[in-house]
Amino acid sequence: MTELVLTPNIGTADDFYADLLEAHEGLSKAESDALNARLILVLANQLGDPQMLRAAIAAAKLPRG
Amino acid sequence: MTAIFERELYPYKRHADQDAAAPVRRKVVIVGAGPVGLAAAIDLGRQGVEVVVLDDNDKVSFGSRAICFAKRPLEILDRLGCGQEMVDKGVIWNKGKVFFGDRKVYEFDLLPETGHRRPAFINLQQYYFEDFLVARARELEAGGAPLGLRGKNRVAEVVDKGDHVALTVETPEGPYQLEADWLIACDGAGSPIRSMMGLDFVGRVFEDNFLIADVVMEADFPTERWFWFDPPFNKGQSALLHKQPDGVWRIDLQLGWDIDKDEEKKPEKVIPRLKAMLGEDVKFELEWVSIYTFQCRRMEKFRHGHVIFAGDSAHQVSPFGARGANSGVQDTDNLGWKLRAVIEGIAPEALLDSYDVERVHGADENILNSSRSTDFITPKSDMSRIFRDAVLDLSEHYEFARPLVNSGRLSVPCVYDGSPLNSADALHGPARTRPGAPCPDAPLEGGYLLDRLGDRFVLLAIDAEVPEDGFEEAGVTVEVLRLSAADDVTGELRRRYLGDEACAVYLVRPDQHVAARRAGWNERFMRSALRRALALGGDEA
């Protein structure tokens, strides 16, 4: 099985980040929350593999300490 | 209003047991003549096991209640002798629509797998189900089966005597004493037997109320399951519309926790709600209204000595997924042959502990599924609601999100993985027919597989050589059902039971679950498997 990638993997990091912020521009907190939730679900479907998804959730919780 | 509710199906009649000088001992006493108690009674009675059913009522239950019956229970009812009536009367459905807010987000077709005698689901009011069961019980009784149904017999006291149970039974003519070698408590979620015995019933309470209504209408709604999340006619809540026979529609409206139940049940409150849902111009009559809350919980153990709990008395789930009555019928399917084997001295009482193991496993699976549905339908936190709404919004546009929509995961039988009755898998066959699995049906020349398996221990030999007369072990005769490619008219038998293997021998239990399977006949292996399936301790072959 492929490991969850936790090293730099986005070729154009600054562009992605700018796109992400732009998508939220002008949205209310509720609209932004909804967009984030939809985005997580879209990305999760792309990832697909249950073990990878669990690893991603665990990684998002940040390591202890 | 159908008169079926009013009919006294098993009116009180004085029984000789009430006049006996000393308490009469019966082999099996079942408390509760609901679907589960009646199914258990029919199963035992038709196998010649003496069984008495006591119920504090004498009629079918009022209102539609459990309305969705899945394939596996229908297959069990075929075995009991009333599957056909159910399917003939029931409404078969496969399609549905999901609504979110004021719009339809998607339609679905369950596209049930072909090659099964019975449909994936039917909708049928619980009172019809009970009516068919009572008729079948009466038919067996008339044919000489040792099965008795006693209406207006309420168990007032139960005393566990170790090797039997002593009961005090109240009747319109006063109380009497009765004893039972075995007591099966099928007396519902509020089980008086469970309370009298001081037994636990722990789990999760869902703080919610649902209004359920049976509505008679002449409407051209299609035969589909319609589910609404947050509809305009029931803001912030959910709603379900489902078709039943006789032009009766079942409507479930979520009401939330903090409501006045008596107020909400009043027609002047209910009818405007329904009009908002169905449209002002739809003519309908209200047949039945009820408000329910639910819990997801189970007893720690279903067997307590000679008292065994089955159905809602042992486990309770949310209604989403139709896992209540369906799982109760499966309880009885699991229990019937085991109890008979113990009563006849073929198997030790330890066999009944496997009822506990297997059906607790089933209950946990049902509780897990129905809790998850409830968490989706009624989000418990802000973030849970945000994700739920995100799933629904996405589902309108993208197919990928639709499997995440959870308005009930409809009942499928569980596989008894890890059961002490299973032998190690000795076939590289399909996972769906591994030891512990319920046998899937398959079309055969002139019929269906499950009818041929019946309700006995049987060796299913597919293109495999086995002794023609089967074998005998521990007082049980194991017969043979020999099938070959020529019987397999659709190839489903091969797909479901062989996979890539050329041949296989299955040992199938009386409840049509796989006890063991092997790529070819091996006497020692199958004898051992049979002993293991009877809790007699098989040795490793």
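Everything numeric in this text was worked out from a predicted model, so none of it was measured.

Undergrad: Sorry if this is basic, but what is going on with the overall build of chain B here?
TA: Across its full length, chain B carries 13 helices and 26 strands. Here the C-alpha radius of gyration of chain B, 24 Å, is about what a compact globule of 541 residues would show, namely 24 Å. Considering only C-alpha atoms, chain B reaches an extent of 70 × 65 × 40 Å along its principal axes. The proportion of buried residues among the 541 residues of chain B is 58%. Looking at chain B alone, contacts between residues at least 24 apart form 70% of all its contacts between residues at least 6 apart.

Undergrad: I'm lost on the overall build of chain A in this one. Help?
TA: Along its length, chain A carries three helices and zero strands. Counting helices and strands in the order they occur from the N terminus, chain A gives α-α-α. Relative to the globule expectation of 11 Å for 65 residues, the C-alpha radius of gyration of chain A, 14 Å, shows a markedly less compact shape. Projected onto its principal axes, the C-alpha coordinates of chain A cover approximately 40 × 30 × 25 Å. Put simply, chain A has 65 residues, and 9% of those count as buried. If you sum the accessible surface of chain A, you get close to 5500 Å²; carbon and sulfur atoms cover 59% of it. The distance from the centre of the 5 positive side-chain charges to the centre of the 9 negative ones in chain A is 17 Å.

Undergrad: When you look at the interface of chain B and chain A in this model, what are you seeing that I'm missing?
TA: Put simply, an interface is often sized by how much accessible area is lost when its parts join up. Every contact between the two is made by eight residues of chain B and, on the other side, eight residues of chain A. Per-residue buried area on chain B facing chain A is highest for Ile386, Phe387 and Phe400 of chain B; these three make up 57% of the total on that side. In this structure, the connection of chain B to chain A is made through zero salt bridges. Here chain B is connected to chain A by zero residue pairs in polar contact (both at pLDDT 80 or more). Of the residues that constitute the side of chain B that touches chain A, the class distribution is seven nonpolar, no polar and one charged.

Undergrad: Honestly, the domain arrangement of chain B in this entry has me stumped. Any pointers?
TA: All names here are of chain B. Per the domain assignment, the segments of chain B are domain 1 (3-91 + 112-201 + 296-368), domain 2 (203-295) and domain 3 (431-533). Relative to domain 2, the C-alpha centre of domain 1 lies at a distance of 29 Å. Across the boundary between the two partners, domain 1 contributes 22 residues, which contact 19 residues of domain 2. Carbon and sulfur atoms supply 57% of the area that domain 1 and domain 2 bury against each other, a total of about 1800 Å² over both sides. Of all residues in domain 1, Val91, Cys296 and Phe320 give up the largest surface area on contact with domain 2, accounting jointly for 28% of the area buried on that side. Scanning the region where domain 1 abuts domain 2 turns up one salt bridge. The residue Lys89 makes a salt bridge to Asp246 at a minimum N-O spacing of 2.8 Å. Taken together, the connections running from domain 1 to domain 2 amount to ten residue pairs in polar contact (both at pLDDT 80 or more).

Undergrad: I'm lost on helix 4 (residues 126-142) of chain B in this one. Help?
TA: Residue and element names in this part refer to chain B. The terminal C-alpha atoms of helix 4, which comprises 17 residues, lie 24 Å apart, in line with the 24 Å expected from a rise of 1.5 Å per residue. Among the 17 residues of helix 4, twelve are classified as buried, and the element is accordingly described as predominantly covered. Of the residues making up helix 4, those classed as buried are Gln126, Tyr127, Tyr128, Phe129, Glu130, Asp131, Phe132, Leu133, Val134, Arg136, Ala137 and Leu140. In the stretch just after helix 4, Gly144 is the one whose phi turns positive, near 100°.

Undergrad: Could you clarify how one ought to interpret the packing of aromatic side chains in this entry?
TA: For any pair of aromatic rings, the description rests on two quantities: the centre-to-centre distance and the angle between the ring planes. Residues and elements named next belong to chain B. In the structure shown here, the tally under the stated rule is 22 aromatic pairs over all chains. Between Phe210 and Tyr292 the ring centres are 5.6 Å apart and the planes differ by 15°, which places this aromatic pair in the stacked class. Residue Phe210 is located in strand 12 (residues 202-217), and its partner Tyr292 is located in strand 16 (residues 284-298); the two are separated by 82 residues in the primary sequence. Given the relative accessible area of 15%, Tyr292 is considered buried. Where Trp226 meets Trp228, the ring centres are 6.0 Å apart and the plane angle is 70°; that geometry is what we call edge-to-face. Both residues of the pair, Trp226 and Trp228, count as buried. Put simply, the rings of Phe99, Phe221, Trp226, Trp228, Phe233 and Trp249 pair up and form one aromatic cluster. The ring centre of Phe201 lies 3.7 Å from the NZ or CZ of Arg194, which sits over that ring. In this structure, Arg518 packs its charged tip against the face of Phe525, placed 5.7 Å from the ring centre.

Undergrad: Mind showing me how you'd approach the environment of Tyr355 of chain B here?
TA: Residue and element names in this part refer to chain B. Assignment of secondary structure puts Tyr355 in helix 9 (residues 350-377). Given the relative accessible area of 0%, Tyr355 is considered buried. Taking C-alpha positions, Tyr355 is 17 Å from Ala325, a pair spaced 30 residues apart along the chain. When neighbours within four sequence positions are excluded, Tyr355 is seen to be in contact with Phe302, Ile308, Phe309, Ala310, Asp331, Asn334, Leu335, Lys338 and Val360.

Calculation rules
- Residues numbered from 1 in each chain as written.
- Chains lettered and ligands numbered in written order.
- Predicted model: local features only at pLDDT ≥ 70, side-chain atom pairs only at ≥ 80, totals over all residues.
- Heavy atoms only, no water.
- Helix = DSSP H or I, 4+ residues; strand = E, 2+ residues; numbered from the N terminus.
- Rg over C-alpha atoms; globule rule 2.2 N^0.38 Å.
- Buried < 20%, exposed > 50% of the residue type's maximum accessible area, 1.4 Å probe, protein only.
- Contact = heavy atoms within 4.5 Å.
- Areas by Shrake-Rupley, 256 points an atom, 1.4 Å probe, with all protein chains shown as cover.
- Lys, Arg positive; Asp, Glu negative; His and termini not counted.
- Charge placed at Lys NZ, Arg CZ, Asp CG, Glu CD.
- Buried area = accessible area lost by both parts, 1.4 Å probe.
- Salt bridge = Lys/Arg side-chain N within 4 Å of Asp/Glu carboxyl O.
- Polar contact = N/O pair within 3.5 Å; in protein donor to acceptor, adjacent residues only side chain to side chain.
- Nonpolar A, V, L, I, M, F, W, Y, C, P; charged D, E, K, R; others polar.
- Domains from an automatic or database assignment.
- Expected span 1.5 Å × (residues − 1).
- Phe/Tyr/Trp six-rings, centres within 6.5 Å; stacked < 30°, edge-to-face > 60°.
- Lys NZ or Arg CZ within 6 Å of the ring centre and 35° of its normal.

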